[in-house]
Amino acid sequence: MDTYQDYRPFLHDGDILEWSSDAIIGRLIQLFAKTDVNHTSGVIRMKQYEDDPGDRVFTTEAISHGVSLTYLSRALQGCRKRVYWLPLKPEYDKYRRDIARAQLSMVGVPYDYQNLFKSALGRVSTNAKRLFCSEMIGWSLEQAGVIPKQPSALWPGEFAALGIFQKRVRIF
């Protein structure tokens, strides 16, 4: 966790994390997406608590039981994955709050197993009633006005090509 602790102060709302695991489902996602990552989540900081002993970094992610908000440090505990941080470029700072709001508005939305499996056969459009991980992050960027509506749901590993993030950094 040393690398994460080094970068932790610099993680902000609107940044994303891309995860890579060696699990079978993860490897299949990497195969279909043609990338080295298989999960995407967002970063949320509760600004009102910064500089307090309770200062926490959260991640918003669509996982098996739906979209959730989790302490990032807890998500990393026992983690056997590689985790990459993609900081939002400074010219998009004005969107950070809206990205975080969009992600928080999705907490509790069920996981989109149907589109996840369909997307293995071809591209699918985003359905905000159910979301898989990268679909949720893409939707939040659209809702915040950072990117235009995408013709299909984004896959893990496709976010760097949007041109709105700085170069990824391995933090775990």
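Residues numbered from 1 in each chain as written. Predicted model: local features only at pLDDT ≥ 70, side-chain atom pairs only at ≥ 80, totals over all residues. Heavy atoms only, no water.

**What to know about the overall build of the chain**
Then, in step 1: Per the secondary structure count, the chain includes 6 helices and 6 strands.
Then, in step 2: Of the regular secondary structure in the chain, the N- to C-terminal order runs α-β-α-β-β-β-α-β-α-α-α-β.
Then, in step 3: The C-alpha radius of gyration of the chain comes to 15 Å, within 12% of the 16 Å expected for a compact globule of 172 residues.
Then, in step 4: The C-alpha extent of the chain, read off along each of the three principal axes, is 45 × 35 × 30 Å.
Then, in step 5: Here the chain holds 172 residues, and the buried ones make up 50% of them.
Then, in step 6: Considering only residue pairs separated by 6 or more positions, the chain has 63% of its internal contacts joining residues 24 or more positions apart.
Then, in step 7: Accessible surface computed for the chain: about 8,800 Å², of which carbon and sulfur atoms make up 52%.
Then, in step 8: Once the 23 positive and 19 negative side-chain charges of the chain are each reduced to a mean point, those two points are 5 Å apart. (Helix = DSSP H or I, 4+ residues; strand = E, 2+ residues; numbered from the N terminus. Rg over C-alpha atoms; globule rule 2.2 N^0.38 Å. Buried < 20%, exposed > 50% of the residue type's maximum accessible area, 1.4 Å probe, protein only. Contact = heavy atoms within 4.5 Å. Areas by Shrake-Rupley, 256 points an atom, 1.4 Å probe, with all protein chains shown as cover. Lys, Arg positive; Asp, Glu negative; His and termini not counted. Charge placed at Lys NZ, Arg CZ, Asp CG, Glu CD.)

**Structural notes on the nonpolar core**
Then, in step 1: Within the largest apolar cluster, 27 residues are counted, with the highest numbers of intra-cluster contacts made by Leu141 and Phe165.
Then, in step 2: For this core, the secondary-structure elements that each account for two or more residues are helix 4 (96–105) and helix 6 (133–143).
Then, in step 3: Among the elements that make up this core, the one with the highest residue count is helix 6 (5 residues).
Then, in step 4: Those residues within four positions of leucine 141 in sequence are excluded, and the remaining contacts are Ile99, Val146, Ile147, Phe159, Leu162, Ile164 and Phe165. (Core = buried A, V, L, I, M, F, W, Y, C linked by side-chain atoms within 4.5 Å.)

**Digging into the packing of aromatic side chains**
Then, in step 1: Overall, the coordinates contain 5 aromatic pairs when judged by the stated rule.
Then, in step 2: Considering the side-chain rings of phenylalanine 58 and tyrosine 71, the 5.0 Å spacing of their centres and the 40 degrees angle between planes classify their relative orientation as tilted. With phenylalanine 58 in strand 3 (residues 57–63) and tyrosine 71 in strand 4 (residues 66–71), this residue pair connects regions lying 13 residues apart in the sequence.
Then, in step 3: Taking relative accessible area as the criterion, tyrosine 71 reaches 26% and is therefore assigned partly exposed. (Phe/Tyr/Trp six-rings, centres within 6.5 Å; stacked < 30°, edge-to-face > 60°.)

**So, the side chain of asparagine 38**
Then, in step 1: For asparagine 38, the location among the structural elements is in the loop between helix 2 (24–33) and strand 2 (39–45).
Then, in step 2: The exposure class assigned to asparagine 38 is buried, which follows from its relative accessible area of 6%.
Then, in step 3: Within the structure, the side chain of asparagine 38 is placed 3.2 Å from the backbone oxygen of serine 21, a separation counted as a polar contact.
Then, in step 4: Setting aside anything within four residues of it in sequence, one finds asparagine 38 in contact with Trp19, Ser20, Ser21, Gly26, Arg27, Ile29, Gln30, Cys133 and Pro156. (Polar contact = N/O pair within 3.5 Å; in protein donor to acceptor, adjacent residues only side chain to side chain.)

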